[in-house]
Amino acid sequence: MFRFQVACKGRLFAECLLEKCTRNRLYSNVVSCVQVSPNGIKRIGREIDLEILFESCNKIRLAKCLHAFLIVSGKAQNVVVSTKLVNHYARMGEIYLSRRTFDFIQSKNVFAWNSMMSSYVRNGCYRDAVNCLYKMLMTADVRPDFYTFPTVLKACGNLIDGSQIHTWVFKMGFQWDMFIASALVHMYCKFGLFRVAREIFSGMTYRDKGCWNAIISGLCQNGSAVEALEILDKMRMEGIAMDPVTVSTILSVCAVIDDFSRGCLIHLYAIKHGLEFDLFVGNALINMYAKFGLLGNAQKVFDLMEERDLVSWNSLIAAYEQNYNPDTALNLCREMQLHDMEPDFLTLVSLASSVAQTKDSQNSGSLHAFILKRCWIQQHVAIGNAVVDMYSKLGIMDSALKVFEALPLKDLISWNTMITGYAQNGFASEAIEVYSMLEKCEDIIPNEATWVSVLPAYAHVGSLRGGTKIHAHTVKAGFNVDVFVGTSLIDLYGKCGRLKDAMSLFYEVPRRNPIPWNAVISCHAIHGHGETSLQLFKDMLDEGVNPDHVSFVSLLSACSHSGLVSQGQWCFDMMHKYGIKPSLKHYGCMVDLLGRAGHLDKAYNFIKSMPVQPDASIWGALLGACRIHGNVELGNLASNRLFEVDSENVGYYVLLSNIYANVGKWEGVDQVRSLARDRGLRKTPGWSSMEIDNKVEVFYTGNQSHPQCEDIYNELEILTDKIKSLGYVPDYSFVLQDVEEDEKQHILTSHSERLAIAYGIISTPPKTTIRIFKNLRVCGDCHNATKLISKITEREIIVRDSNRFHHFKDGNCSCGDYW
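Definitions and limits used
Residues numbered from 1 in each chain as written. Predicted model: local features only at pLDDT ≥ 70, side-chain atom pairs only at ≥ 80, totals over all residues. Heavy atoms only, no water. Helix = DSSP H or I, 4+ residues; strand = E, 2+ residues; numbered from the N terminus. Areas by Shrake-Rupley, 256 points an atom, 1.4 Å probe, with all protein chains shown as cover. Lys, Arg positive; Asp, Glu negative; His and termini not counted. Charge placed at Lys NZ, Arg CZ, Asp CG, Glu CD. Buried < 20%, exposed > 50% of the residue type's maximum accessible area, 1.4 Å probe, protein only. Pairing = 2+ DSSP bridges. Contact = heavy atoms within 4.5 Å. Axes fitted to C-alpha atoms, helices over the stretch in contact; angles between N-to-C directions. UniProt positions renumbered as here; feature names shortened; annotations may be inferred. Expected span 1.5 Å × (residues − 1). Phe/Tyr/Trp six-rings, centres within 6.5 Å; stacked < 30°, edge-to-face > 60°. Lys NZ or Arg CZ within 6 Å of the ring centre and 35° of its normal. Parallel < 35°, antiparallel > 145°, perpendicular 65-115°, else oblique. Left-handed = near helix turned anticlockwise from the far one by under 90°. Nonpolar A, V, L, I, M, F, W, Y, C, P; charged D, E, K, R; others polar. Patch = residues over 30% accessible without salt bridge, like charges linked within 9 Å, V, L, I, M, F, W, Y side chains within 5 Å. Salt bridge = Lys/Arg side-chain N within 4 Å of Asp/Glu carboxyl O. pLDDT = per-residue confidence, 0-100.

Enquirer: Sorry if this is basic, but what is going on with the overall build of the protein chain here?
Expert: For the protein chain, the helix and strand inventory stands at 45 helices and 8 strands. Taken over the C-alpha atoms alone, the protein chain extends approximately 140 × 70 × 60 Å along its principal axes. About 40800 Å² of surface is accessible on the protein chain, with carbon and sulfur atoms providing 53% of the total. Within the protein chain, the 86 negative side-chain charges are centred at a point lying 8 Å from the centre of the 82 positive side-chain charges.

Enquirer: Where do I start with the pairing of strand β5 (residues 770-774) in this structure?
Expert: Where a strand is regular, its side chains alternate between the two sheet faces. Of all 5 residues in β5, 4 are buried; the element is thus mostly enclosed. The pairing of strand β3 (residues 687-692) with β5 spans 2 bridges and is classified as antiparallel. Each residue of the ladder has a partner; that of Ser-688, found in β5, is Lys-774. Relative to strand β6 (residues 797-800), β5 runs parallel, the two being bridged by 4 bridges. If you follow Ile-772 over to β6, its bridge partner there is Val-799.

Enquirer: Which parts of the structure should I look at to understand the sheet that holds β3?
Expert: Taken in spatial order, the 6 strands make up an open sheet running β4-β3-β5-β6-β7-β8, and their pairing is mixed. Edge positions in the sheet fall to β4 (695-700) and β8 (812-813), since each has one partner strand and no second. Sitting on the sheet, helix α45 (residues 780-793) touches β6, β7 (805-809) and β8, and the angle it makes with β7 is about 40 degrees.

Enquirer: Would you explain the UniProt feature "repeat: PPR" (unreviewed entry) in the protein chain in this entry?
Expert: Taking the UniProt record as the reference, the feature "repeat: PPR" (unreviewed entry) is found at residues 109-144, 208-242, 309-343, 411-441, 513-547 and 548-582. Between the C-alpha atoms that bound residues 411-441 the distance is 10 Å, and the span itself is 81% helix and 0% strand. When the span residues 548-582 is considered, its composition is 69% helix and 0% strand, and the gap between its end C-alpha atoms is 11 Å.

Enquirer: Is there a simple way to explain the pairing of β4 in this structure?
Expert: In terms of strand pairing, β3 meets β4 through 6 bridges, oriented antiparallel. In the sheet register, Ser-689 faces β4, and the bridge partner there is Val-698. Between β3 and β4, which pair antiparallel one after the other, the connecting turn spans 2 residues, and Asp-693 there sits at a positive phi close to 55 degrees.

Enquirer: Teacher, can you tell me more about helix α20 (residues 326-338) here?
Expert: A turn of α-helix holds 3.6 residues, and therefore any two residues three or four places apart point the same way. If you check α20, its first and last C-alpha atoms are 19 Å apart, about what 13 residues at 1.5 Å a residue would give, namely 18 Å. Check the buried side of α20 and you find it contacts α19 (310-322) and α21 (345-358). Among the residues trailing α20, Asp-340 stands out with phi positive, at a value near 60 degrees.

Enquirer: Just to check I follow, could you spell out the packing of aromatic side chains for this structure?
Expert: One pair of aromatic rings is described through two measures. These are the centre distance and the angle between the planes. Under the criterion given, the structure shown has 19 aromatic pairs. Measuring from centroid to centroid gives 4.8 Å for Phe-146 and Phe-174, while their planes differ by 45 degrees, and the two rings are tilted. Separated by 28 residues along the polypeptide, Phe-146 in the loop between α8 (126-139) and α9 (148-155) and Phe-174 in the loop between α10 (159-171) and α11 (178-190) bring together distant segments of the chain. Given the relative accessible area of 12%, Phe-174 is considered buried. Residues Phe-552 and Tyr-578 carry aromatic rings whose centres are separated by 6.5 Å and whose planes lie at 45 degrees to one another, so their mutual orientation is tilted. Taken together, the residues span a long stretch of sequence, with Phe-552 in helix α34 (residues 549-562) and Tyr-578 in the loop between α35 (565-574) and α36 (584-596) at a distance of 26 residues. In this structure, Lys-108 is placed above the aromatic ring of Phe-102, and the distance from its NZ or CZ to the ring centre is 5.1 Å. Seen from the ring of Phe-302, Arg-308 lies directly overhead, with NZ or CZ sitting 4.2 Å from the centre.

Enquirer: Would you explain the packing of helix α28 (residues 448-461) against helix α29 (residues 464-477) in this entry?
Expert: Two packed helices can be described by the angle between their axes and the distance between those axes. Where α28 meets α29, the axes come as close as 9 Å, and the angle between the chain directions of the two elements is 155 degrees. When the axes of α28 and α29 are compared, the pair comes out roughly antiparallel. Like other packed secondary-structure pairs, α28 and α29 cross with a definite hand, here left-handed. Seen from α28, the contacting residues are Trp-451, Val-454, Leu-455 and Tyr-458; seen from α29, they are Gly-466, Gly-467, Ile-470, His-473, Thr-474 and Ala-477. By residue class, the composition of the contact of α28 with α29 is 6 nonpolar, 4 polar and no charged.

Enquirer: Help me understand unusual backbone geometry, please; the structure alone is not making it clear to me.
Expert: Negative phi values dominate among residues other than glycine, just as trans dominates among peptide bonds. Here Lys-359, not a glycine, exhibits a phi torsion of approximately 60 degrees, which is positive. Among the secondary structure elements, Lys-359 is positioned in the loop between α21 and α22 (361-373). With a relative accessible area of 56%, Lys-359 lands in the exposed category.

Enquirer: When you look at the packing of helix α32 (residues 514-526) against helix α33 (residues 530-542) in this model, what are you seeing that I'm missing?
Expert: Direction vectors running N to C along α32 and α33 enclose 165 degrees, while the axes themselves pass 8 Å from each other. Comparing their axes, α33 and α32 come out roughly antiparallel. Between α32 and α33 lies a crossing whose hand is right-handed. For the pair α32 and α33, contact is made by Pro-514, Trp-517, Val-520, Ile-521, His-524 and Ala-525 and by Thr-532, Ser-533, Leu-536, Phe-537, Asp-539 and Met-540, respectively.

Enquirer: Would you take a moment to explain a nonpolar patch on the surface for this structure?
Expert: A contiguous nonpolar patch, built from Leu-265, Leu-268 and Ile-271 and spanning about 310 Å² of accessible area, is present on the exposed surface. Along the polypeptide, Leu-268 turns up in helix α16 (residues 260-272). Relative accessible area serves as the criterion here: at 53%, Leu-268 is assigned to the exposed category.

Enquirer: Help me out: how do you make sense of the confidence of the model for the protein chain in this one?
Expert: Reading predicted coordinates in detail is not appropriate for stretches of low pLDDT. On average, residues of the protein chain score 85 in pLDDT, and 92% of them reach the 70 mark or higher. Scored below 50 in pLDDT, residues 1-46 makes 37 contacts in the model with residues more than four places away or belonging to other chains.

Enquirer: Is there a simple way to explain the side chain of His-166 in this structure?
Expert: By the element assignment, His-166 lies in helix α10. For His-166, a relative accessible area of 19% translates into the label buried. If we skip the residues at most four places from it in the chain, His-166 touches Leu-184, Tyr-188 and Ile-200.

Enquirer: I'm lost on the environment of Leu-716 in this one. Help?
Expert: Tracing the chain through its elements places Leu-716 in helix α42 (residues 709-725). By relative accessible area, which is 6% here, Leu-716 ends up buried. Taking the C-alpha atoms as reference points, Leu-716 and Val-281, separated by 435 residues in sequence, lie 75 Å from one another. Once residues lying within four places of it in the same chain are set aside, the contact partners of Leu-716 are Thr-749, Arg-754, Leu-755 and Ala-758.

Enquirer: Any chance you could explain the pattern of salt bridges here in plain terms?
Expert: Side-chain pairs of opposite charge can arise whenever the charged atoms involved come near each other. As enumerated under the stated definition, the model contains 13 salt bridges in all. The salt bridge partner of Arg-262 is Asp-233, with a shortest N-O separation of 3.8 Å. Placement of Arg-262 in helix α16 and of Asp-233 in helix α14 (residues 225-237) is noted, with a sequence separation of 29 residues between them. The class for Asp-233 is partly exposed, based on a relative accessible area of 37%. Of the charged contacts, one joins Lys-495 and Asp-491 as a salt bridge, the two residues approaching to 3.4 Å between their closest N and O atoms.

This is how it looks when you write it as structure tokens:
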């Protein structure tokens, strides 16, 4: 029979047998204590061993049986026994039964009250613990003791409760108790009141290790790393040794303040005192070495750990992900699962970033499905933000938007991630629209990260009015001098044609790192002020700021726009001095520099000598130079290479088509256009925009739908006649269609920038500056015509095309006809 039950019922039988044995143990323990006298009266033979009973009743059913027995036997009337039952239920997670038992205790002593508060804290019911203290103070005959306040202070969820409890501590004279003072220090640190915490800490006559750890940990968690290290030094001077809590806390501080030397010394201390194998210390060491980019050291610490928990795995996975080693991070996740360790939502946050770094669109869907299956997006907003960020970095903005809209709760990070995703993928208008939606959310206030995300979008579309509103917000919030916000504002004003404003902001922000320098150099570059960019670069070096790889991209671009070939070569050679290895962007700038200057053979030979494989940007730069200088043969070679590496960019087909059109090879034009059509590619239509009276007007080439269309074309006819009297001759080489000459002239005068200029002239007062933004490059004929229009109208006309700025004034252009 026994064998049959074991075989058939398995685990169920084992559990029943265990429960039966426990009941028998309870029964035998009770029966042995009950004896019957000759006259039939029952009496207790010996005292019941309650310790054994409580240890045996480790399931809720048995605990209830024990509770019933204690009531029947009268033992429940003993406050000590009932309090043990309160604690017993709490340890089993049955806080409701714990409270019910507590309520039935008639004469509650301070031990009973303390046990109930501790039970609440143990089960995460912090508000109930505080309310329990208030009830004790208001209704009970007993008063708190030394054990009451440390527990409840830990449960304080706001400063009001903490201050009130501190008042009671002072009123009862407990402020000198070491444990209570430590709890007060920790509580005030939690709420950021370091001055009060330091006063209490300084007034303590004796401090144990826990008290030192409380103040150090509190300061660290609230960003006061330097003060935490000062406290640590005092602790060491008083001869108190660091324990695992101290070591793990200080290691995190070393990473925050970038103090690698101290971190190494703390690691040596941990080894010397046998703490390096502690789980928390090991996890802290992994995080510290990861912050310093020393992945080998982090891996060694992980490999030597005798015990690893999920935090250990997450720390190492995050280390590889944050140091741009996504493949290892993904492999570690697989290895973690082989060790029967299931990933949590923090693991998935790191994995989402790793998938984005690998540009693996297929795995992104699998990861998203894994998260959806566990409903983690609904439970953790951080997971939802990570998925939105993953899709954004992969350029899959439709999926990013769907996840964003489905988030049950959107925090500021959610909005910032969506804005950044749109801005970085070239959807500037969409980024601005999302920001406008955020402004309508009363419960979420934009911060500096929001403004840094959306300002590039305003700069991209040339919306100076919208950008200045953001500028006003940053000034009001006091973030206009923040290096990242300030740099974004410099970029905005520079790209909106306000170089003087950009320079004024540049001198207001901290300039200890290359970020603001790069922005202001780039601004002067797109305005064609190459010499100024070079001087700014020299000023940066004079101030002791070392350039980074972005500095040289900005500088080489400045030299390219201004035709400074020898200076550009000097800058390229200087990169090695600062230990910067040229990337494809730097090589692309050099090809563009040589090609624009007409050194096409040098540019081609430079490409052949590159130690890396040329990408589309390299061949595209050469093809663009062939378009400027009309080199059909080299243009064909460049386009063939280009279509091998990027056959989906319609702009390259347009460039090649233009090369053929310039030399009248219309058969070649038809072939290239046919090839683009066969691949489903369409040319981007040219448009120009301008902002007048707080309204953005957009003009497309050949557009005739504007309400003032007739006035615009009449003005163009008048302007054309006037500039012809100054020697203007239409350059039909910029008409890329095989049509009659009359039609060619109409096509030229219908270009979007000319429509915008004419509208600006009839819509603004005389001599007012006209600002235009064009999505494509300005054609040579429009460039010549605009120079003459600026002269006859006595206006400054500023045009920002896809490549740079053109300031037309008095018949001249700031580019010096070199673009």
